[in-house]
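Here is how the chains run, residue by residue.
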Amino acid sequence: MNLDTLNPAQREAVEKTEGPVLILAGAGSGKTRVLTTRIGHLIEDKGVQPANILAITFTNKAANEMRERVEETLESDASDMWISTFHSCCVRILRKDINRIGYNRSFVIYDSADQVTLVKDCLKELNLNDKVFEPKMIISTISGAKDKLYDPKQFKAMHMNDNRMSKIADVYALYQDRLKRNSALDFDDLIFKTVELLKSDKEVLDYYRNRFKYIMVDEYQDTSKAQYELIKILAREHQNICVVGDDDQSIYGWRGADIRNILEFEKDYDDVHVVKLEQNYRSTQIILDAANTVISNNIERKRKRLWSEKKDGELIKIQVAQDEIEESDFVADMIAKISREQNRSYKDFAVLYRANAQSRSVEDALNRSQIPYNIYGGTKFYERKEIKDLIAYLRVIQNPQDDISIKRIINVPRRGIGLRTIEKIEDRANLKQESIYSVLIDIETNSDISTKARNSISEFVDNVIGTLRTMREVYPVSKLIEKVIESIDYYGYIDELYKGNKEEAEERKDNVKEFISVAMEFEQISEEKDLETFLTGVALTSESSEEEEIDKVSLMTIHTSKGLEFPVVFIVGMEDGLFPIARAVRSMNDSEIEEERRLCYVGITRAKEILYLTLTQKRTLYGKTNPSIASRFMEELPKECIERLNSAEKELSYSKASYNVLDKYKQKYMNTINKTAVAKQVNATIKDKEKETNIDDIKPGARVHHPKFGVGTVVGMMGTDVTIAFEQQGIKKINKEYTTLDVL
DNA sequence: TCGGCACAAATTTTT
DNA sequence: TTTGTGCCGA
């Protein structure tokens, strides 16, 4: 393997094959190249068997890319090598041996929508109000517990003296129970159960320890505790563990990623060899200087400084617009101008933003200028209703125990099986500790259900599902999908559903057809062609096919842009409260601001040559217009790297004063009211029946009267929330949008 | 069972 | 502003 084209640091990372290695790979430092070369080096120069290598990534895209590049560089066959995402690696392990920990090996995988349904069921069964215990919130709590490897028992034990959390622990326990009964695992279980299996079964553990003699993990900064543990168990004996990551690009903390995994790697393993990849092959030095300076404001990080051989470059351009419409027009105009003058194609441009809601005005402006664009994010292909319905059918065909899927399709298309009927069936299933499907089979013995409903159910179970199940053995997946569509007249159903909107109906039908072609493609390329494998693939993939390679401007959130690069990048909405997002600004905890700053770092380092940062003076968001404050990150940019295109001076200094005021309020009230309240300057008014009370009068210390809670003192303000200490009712949070307050 | 209306909430999302 | 949800009357 030729290593001469690597720089010294890269080469070191490749050649140090034994023992724990930490590669701190800055943005654009060629880490994929290092990883693929390292694999090639292991096989060709060190004589390691491909089957002894495990390379883990987070996304399918990264895994596919790595496999392709490894196959390109290698002479020998690489098909024995495991190059996969955490999740598909775990599925592979579990399909083989999960029966050893009491699960069915042909489990289905529940996505987040299925989780919501299941949690709602559990809440109902436990008589818990889903407003007090919001399903989304419960799921993220459960997910957090699983990420940290707490099972329901441990979780319950940890929260014994917290009534609310204790209830959530009960939901967790029931949820887990139901998953098992349905032969289903959620995404987090895939990791959790693999760890459980490896910890509890020495035989299985020995097999994989012996098999994976060299382990590599990409994007290590994004690993959760559970993933960390998984890797640690596998690598314990041989310690040939090589992790690659960039702590400065850790932007998924809210999803369970634990940045400490990378920060403390050196503590977790003995004699860690650390390599820093600091040479950047992507951006100009000016862009890197800006990124370096901004990120240096973070306390919790490994020191790194990116540099580039591209010494020249354009200054970073800052534009202050009147509002988001003007801002978007500016972006569109500049794209038109630059593409014309510098002869660049549209695919060279990206517009990045903090929140999806911002895409709207940019889209409008690009449409006005007739600039083609591609928007990334939004509803995923497999999450579309029409596709989820079909998947539910397939799942039931595969695994009739899947109650969630049964319930989804039992009345799709409408068969006159209403909620009441389903409820009765569910009760009976719970009573008999059976699946819904088995109750459905014996429906004739169930006298409290109307004859009409019973007939529909028999028709559904025998003719629809029954027939389709017999076809499972003979037909390939794509054909099976067609049979499903045929037997339920799905196209007719779609027409009916969107009868007011022809266009929509056609789009849905196109999606269905796309789904069939996904299945056909699967039959072409997959080794295993059975339904189970297909469903697994569908569950672990978010996009149906590769992104379009058409010449269009890219619009996406900064999160989605991670790992990508563009010659010209616009980051819009550089405003405090938007970026960094309000929640992080309000937070008592600096770690949230630090994560926003890392996000900013990710955004800046996407740009290869030209970077524009834009902000507004006032922004309309969610139907409300508010004056903007420049992002604090703007202030952190080195002056010599930036160029202000219009009169930004004033706005920028204004911003500084503003958020310093915010920070001061924060400090002050943190001390006085025990970390519960933060003050925030708001320029809105609270409407009263007769008069308008200026919100400026409602400030910490003010005496107010609330229609329900009586007289109290304002102790803090957070966004639209006003925290008030009432004389009779104690401290309460009031939403200023929906309450009328009188200032006394 | 379904359509319509009022009300509430609205980061980010690799699998 | 947009989107989702819950409740009510037909």
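- An unreviewed UniProt entry lists chain A under the name ATP-dependent DNA helicase PcrA, with Romboutsia ilealis given as the organism.

### Concerning the overall build of chain A
Right, on to step 1. Across its full length, chain A holds 30 helices and 26 strands.
Right, on to step 2. The 744 residues of chain A split such that 55% are buried.
Right, on to step 3. Nonlocal contacts in chain A, meaning residues at least 24 apart in sequence, comprise 73% of its contacts between residues at least 6 apart.
Right, on to step 4. Total accessible area computed for chain A in this model is approximately 34,100 Å², and 47% of it derives from carbon and sulfur atoms.

### Details of the protein's contact with DNA strand B
Right, on to step 1. With respect to spatial proximity, 27 residues lie near DNA strand B, and among them Arg255, Arg354, Lys380, Arg414 and Gly418 are the closest.
Right, on to step 2. Close to the protein, within 4 Å, the atoms of DNA strand B are drawn from sugar and phosphate at a rate of 52%.
Right, on to step 3. Residue Leu540 places a main-chain N or O atom 3.5 Å away from a sugar or linking oxygen belonging to DNA strand B.
Right, on to step 4. Take His559: an N or O atom from its side chain is 3.4 Å from a base oxygen of DNA strand B.

### As for the packing of aromatic side chains
Right, on to step 1. For the coordinates displayed, the defined rule picks out 17 aromatic pairs.
Right, on to step 2. Ring centres of Tyr220 and Phe265 lie 5.6 Å apart, and the angle between their planes is 85 degrees; on these two criteria the pair is classed as edge-to-face. Within this pair, whereas Tyr220 is found in the loop between strand 6 (214-217) and helix 11 (225-235), its partner Phe265 is found in helix 13 (residues 265-268), the two being separated by 45 residues in sequence. In this structure, Tyr220 and Phe265 share a single accessibility class: buried.
Right, on to step 3. Feature note: the residues Phe381, Tyr382, Phe515, Phe522 and Phe534 constitute an aromatic cluster, connected by ring pairs.
Right, on to step 4. Note that Arg95 overlies the ring of Phe107, its terminal NZ or CZ placed 4.1 Å from the centroid.

### Some details on helix 1 (residues 8-15)
In an α-helix, one turn spans 3.6 residues, which is why side chains three or four residues apart end up on the same side.
Right, on to step 1. Among the residues of helix 1, those classed as buried are Gln10, Ala13 and Val14. Along the long axis of helix 1, the arc covered by the buried residues comes to 100 degrees, so they all point the same way.
Right, on to step 2. On its buried side, helix 1 packs onto strand 1 (21-25), helix 2 (31-44) and strand 8 (273-277).
Right, on to step 3. For helix 1, the side-chain oxygen to backbone nitrogen distance between the N-cap and Ala9 is 3.1 Å, and the N-cap itself is Asn7.

### Concerning helix 22 (residues 477-487)
Right, on to step 1. When we look at burial in helix 22, the residues that qualify are Val477, Ser478, Leu480, Ile481, Lys483, Val484 and Ile485.
Right, on to step 2. Those residues of helix 22 that are buried are in contact with helix 17 (385-398), helix 21 (451-472), helix 23 (490-497), helix 24 (502-525) and helix 25 (531-539).
Right, on to step 3. One or two steps after helix 22, the chain reaches Asp489, where phi turns positive at roughly 45 degrees.

### Comments concerning the pairing of strand 6
Moving residue by residue along a regular strand, the side chains alternate between the two faces of the sheet.
Right, on to step 1. Here strand 6 shows two buried faces, one formed by Tyr214 and Met216 and the other by Ile215 and Val217.
Right, on to step 2. As judged from the four bridges shared by strand 2 (residues 53-57) and strand 6, these two strands associate in the parallel manner. When the bridges of strand 6 are listed, Leu54 appears paired with Ile215.
Right, on to step 3. Here strand 6 pairs with strand 7 (residues 241-245) via three bridges, running parallel. Bridge pairing in strand 7 links Met216 to Cys242.

### Looking at the sheet that holds strand 3 (residues 82-85)
Right, on to step 1. As summarised here, the arrangement of the six strands in space is 3-2-6-7-1-8, forming an open sheet in which the pairing is parallel. Of all strands in the sheet, those bounded by a partner on one side alone are strand 3 and strand 8. Geometrically, the sheet is characterised by an average inter-axis angle of 15 degrees between neighbouring strands, direction not taken into account.
Right, on to step 2. Set on the sheet, helix 1 makes contact with strand 1 and strand 8; between it and strand 8 the angle comes to about 145 degrees.
Right, on to step 3. Along the sheet face, helix 2 touches strand 1, strand 2, strand 6, strand 7 and strand 8 and points at about 175 degrees away from the line of strand 6.

### Some details on empty space enclosed by the protein
Right, on to step 1. Considering all chains together, one arrives at two cavities of 30 Å³ or more under this definition.
Right, on to step 2. Its boundaries defined by the atoms lining it, the largest cavity holds a volume of some 100 Å³.
Right, on to step 3. Lining of the largest cavity is provided by 13 residues; of these, Val108, Ile109, Arg395, Leu535 and Thr536 occupy positions nearest its centre.
Right, on to step 4. Of all the elements in the fold, those that place two or more residues in the lining of the largest cavity are strand 4 (108-110), helix 17 and helix 25.
Right, on to step 5. The biggest single contributor to the lining of the largest cavity is helix 25, with five residues.

### Regarding the protein's contact with DNA strand C
Right, on to step 1. Looking at DNA strand C, the residues that line it are Arg360, Tyr622 and Gly623.
Right, on to step 2. The contact atoms of DNA strand C, taken as those within 4 Å of the protein, divide so that sugar and phosphate hold 25%.
Right, on to step 3. Separating a phosphate oxygen of DNA strand C from a side-chain N or O atom of Arg360 is a distance of 3.0 Å.
Right, on to step 4. At a separation of 3.2 Å, a base oxygen of DNA strand C approaches a polar backbone atom of Tyr622.

### Re the domain arrangement of chain A
Right, on to step 1. Domains assigned within chain A are domain 1 (8-96 + 193-279), domain 2 (108-182), domain 3 (281-380 + 542-680), domain 4 (383-503) and domain 5 (702-743).
Right, on to step 2. Here the C-alpha centre of domain 3 lies 32 Å away from the C-alpha centre of domain 1.
Right, on to step 3. Facing the 28 residues of domain 1 at the interface are 23 residues of domain 3.
Right, on to step 4. In this structure, the connection of domain 1 to domain 3 is made through seven salt bridges.
Right, on to step 5. Between Lys304 and Asp247 there is a salt bridge, and its shortest N-O distance comes to 3.5 Å.
Right, on to step 6. For the pair domain 1 and domain 3, the interface holds 17 residue pairs in polar contact (both at pLDDT 80 or more).

### Section: the packing of helix 4 (residues 86-97) against helix 11
Right, on to step 1. Look at helix 4 against helix 11: their axes get within 12 Å of each other, and the N-to-C directions meet at 55 degrees. In terms of orientation, helix 4 and helix 11 fall into the oblique class. Crossing angle aside, the handedness with which helix 4 passes helix 11 is left-handed. The segment helix 4 lies against helix 11, with Phe86, His87 and Cys90 engaging Gln227, Leu230 and Ile231.
Right, on to step 2. Grouping the amino acids of the contact of helix 4 with helix 11 by side-chain chemistry returns four nonpolar, two polar and no charged.

### Some thoughts on the sheet that holds strand 13 (residues 373-375)
Right, on to step 1. Read from one edge to the other, the open sheet built from seven strands follows the order 13-14-12-15-16-11-19, with strand pairing classed as parallel. Either end of the sheet is taken by a strand with one partner, and the two such strands are strand 13 and strand 19 (642-644). Recorded for the sheet is a direction-independent mean angle of 25 degrees between the axes of neighbouring strands.
Right, on to step 2. Where strand 12 (residues 349-353) lies against strand 15 (residues 566-571), four bridges are found, and the strand directions are parallel. Within the sheet, the bridge partner assigned to Val351 lies in strand 15 and is Phe570.

Criteria and cut-off values
Residues numbered from 1 in each chain as written. Chains lettered and ligands numbered in written order. Predicted model: local features only at pLDDT ≥ 70, side-chain atom pairs only at ≥ 80, totals over all residues. Heavy atoms only, no water. Helix = DSSP H or I, 4+ residues; strand = E, 2+ residues; numbered from the N terminus. Buried < 20%, exposed > 50% of the residue type's maximum accessible area, 1.4 Å probe, protein only. Contact = heavy atoms within 4.5 Å. Areas by Shrake-Rupley, 256 points an atom, 1.4 Å probe, with all protein chains shown as cover. Near = heavy atom within 4 Å. Polar contact = N/O pair within 3.5 Å; in protein donor to acceptor, adjacent residues only side chain to side chain. Phe/Tyr/Trp six-rings, centres within 6.5 Å; stacked < 30°, edge-to-face > 60°. Lys NZ or Arg CZ within 6 Å of the ring centre and 35° of its normal. Arc of directions from axis to C-beta. Pairing = 2+ DSSP bridges. Axes fitted to C-alpha atoms, helices over the stretch in contact; angles between N-to-C directions. 1 Å grid on protein atoms, 1.4 Å probe; cavity = no way out; pocket = protein on both sides within 12 Å on 5 of 7 lines; lining within 4 Å. Points joined across faces, edges and corners; volume = space filled by probe spheres on them. Domains from an automatic or database assignment. Salt bridge = Lys/Arg side-chain N within 4 Å of Asp/Glu carboxyl O. Parallel < 35°, antiparallel > 145°, perpendicular 65-115°, else oblique. Left-handed = near helix turned anticlockwise from the far one by under 90°. Nonpolar A, V, L, I, M, F, W, Y, C, P; charged D, E, K, R; others polar.

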